[in-house]
Amino acid sequence: MKFYSLEPTEKKGVVKIETLVDFSVSEHIPLDSELIGNNNFTISEGKKLYDIIEFADSFAHFAISEKFKQLLINNNVNGWTCFPINIKNINENFYVFQITSHAGKIQNIRELNNYSDDKIQFDINSWDGSDIFSFNESLYIICTEKVIELIKKEKITNLNYNLI
């Protein structure tokens, strides 16, 4: 089985968003996040909208377009959820992406942090089979090849994926 990490791509002029609500940038946005009820965002930089909009103050948090949301729903992709947000001066629908499925810890985190290993190792038995998931104590967002094929087919923009 192949797994991939997902993250926003850094492109020139890409929109990044921010909120006035404090949240932890060192963990995934919880399912009961204060952002759900206080979902107003502003553009902090950029002018170009893509299917993925990164939070300005966090490389691991992002919003997804209606197109990407519907792609995941229509293809029964599991392991995630989202909630709608309002982005000032943007009339399109975007949603904060949340992870609902986790596997165990990364087994070779020290080697990854020291750049002596570039492939994530984890106990596959700790994975529940979800199409999208993260690891305990990690901000990585991982997906299966099924998700990558959907992203490629539908040309989802501003999303980078790497084989782990």
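Keep in mind it's a predicted model, so treat the numbers as computed, not measured. (Residues numbered from 1 in each chain as written. Predicted model: local features only at pLDDT ≥ 70, side-chain atom pairs only at ≥ 80, totals over all residues. Heavy atoms only, no water.)

## Some details on the overall build of the protein chain
The secondary structure content of the protein chain amounts to three helices and 11 strands. Traced from its N-terminal end to its C-terminal end, the protein chain shows the element sequence β-β-β-β-β-α-β-β-β-α-β-β-α-β. For a compact globule of 164 residues, the expected C-alpha radius of gyration is about 15 Å, and the protein chain comes in at 16 Å, within 12% of that figure. Seen through its principal axes, the protein chain has C-alpha atoms that stretch 45 × 35 × 30 Å. Within the span of the protein chain, comprising 164 residues, buried residues form 48% of the whole. (Helix = DSSP H or I, 4+ residues; strand = E, 2+ residues; numbered from the N terminus. Rg over C-alpha atoms; globule rule 2.2 N^0.38 Å. Buried < 20%, exposed > 50% of the residue type's maximum accessible area, 1.4 Å probe, protein only.)

## Looking at the pattern of salt bridges
Under the counting rule described, the total for this entry stands at four salt bridges. For Glu 137, the salt bridge goes to Lys 105, with nearest N and O atoms at 3.2 Å. Note that Glu 137 is positioned in the loop between β9 (132-135) and β10 (141-144) and Lys 105 in the loop between β8 (102-103) and α2 (109-113), a separation of 32 residues in sequence. Given a relative accessible area of 47%, Lys 105 falls into the partly exposed group. Asp 131 is the salt-bridge partner of Lys 146, the closest N and O atoms lying 3.4 Å from each other. Of the two residues, Lys 146 is situated in helix α3 (residues 145-154) and Asp 131 in the loop between α2 and β9; the sequence distance between them amounts to 15 residues. When its relative accessible area of 36% is taken as the criterion, Lys 146 is described as partly exposed. (Salt bridge = Lys/Arg side-chain N within 4 Å of Asp/Glu carboxyl O.)

## Side note on the pairing of strand β4 (residues 52-55)
Side chains on a regular strand alternate between the two faces of the sheet. Alignment of strand β2 (residues 16-19) against β4, held across two bridges, turns out to be parallel. What sits directly across from Ile 17, in β4, is Phe 55. With three bridges joining them, β4 and strand β5 (residues 62-65) adopt antiparallel strand pairing. Within β5, the residue paired with Ile 52 across the bridge is Ile 64. (Pairing = 2+ DSSP bridges.)

## Some remarks on the packing of aromatic side chains
Enumeration according to the criterion identifies 12 aromatic pairs in this entry. Between Phe 23 and Phe 55 the ring centres are 5.5 Å apart and the planes differ by 90 degrees, which places this aromatic pair in the edge-to-face class. Pair noted here: Phe 23 is in the loop between β2 and β3 (40-45) and Phe 55 is in strand β4, with a separation of 32 residues, a long-range link. With respect to burial, Phe 23 and Phe 55 carry one shared label: buried. A network of ring pairs unites the aromatic residues Phe 3, Phe 122, Trp 127, Phe 133 and Phe 135 as a single cluster. (Phe/Tyr/Trp six-rings, centres within 6.5 Å; stacked < 30°, edge-to-face > 60°.)

## Topic: the sheet that holds strand β11 (residues 159-163)
Strand order across the open sheet formed by five strands is β8-β9-β10-β1-β11, with mixed pairing between neighbours. Of all the strands in the sheet, just β8 and β11 have a single pairing partner and so form its edges. The sheet contact formed by β9 and β10 spans two bridges and is antiparallel. The residue bridging Ile 132 from the neighbouring strand is Cys 143, located in β10.

## Re the packing of helix α1 (residues 66-74) against α3
One can describe the packing of α1 onto α3 by two numbers: an axis separation of 11 Å at closest approach and a directional angle of 135 degrees. For the element pair α1 / α3, the angle class is oblique. Our pair here, α1 against α3, has a crossing hand that is right-handed. Facing Lys 67, Phe 68 and Leu 71 of α1, the residues of α3 in contact are Leu 150, Ile 151 and Glu 154. Along the lines of polarity and charge, the residues of the contact of α1 with α3 split into four nonpolar, no polar and two charged. (Axes fitted to C-alpha atoms, helices over the stretch in contact; angles between N-to-C directions. Parallel < 35°, antiparallel > 145°, perpendicular 65-115°, else oblique. Left-handed = near helix turned anticlockwise from the far one by under 90°. Contact = heavy atoms within 4.5 Å. Nonpolar A, V, L, I, M, F, W, Y, C, P; charged D, E, K, R; others polar.)

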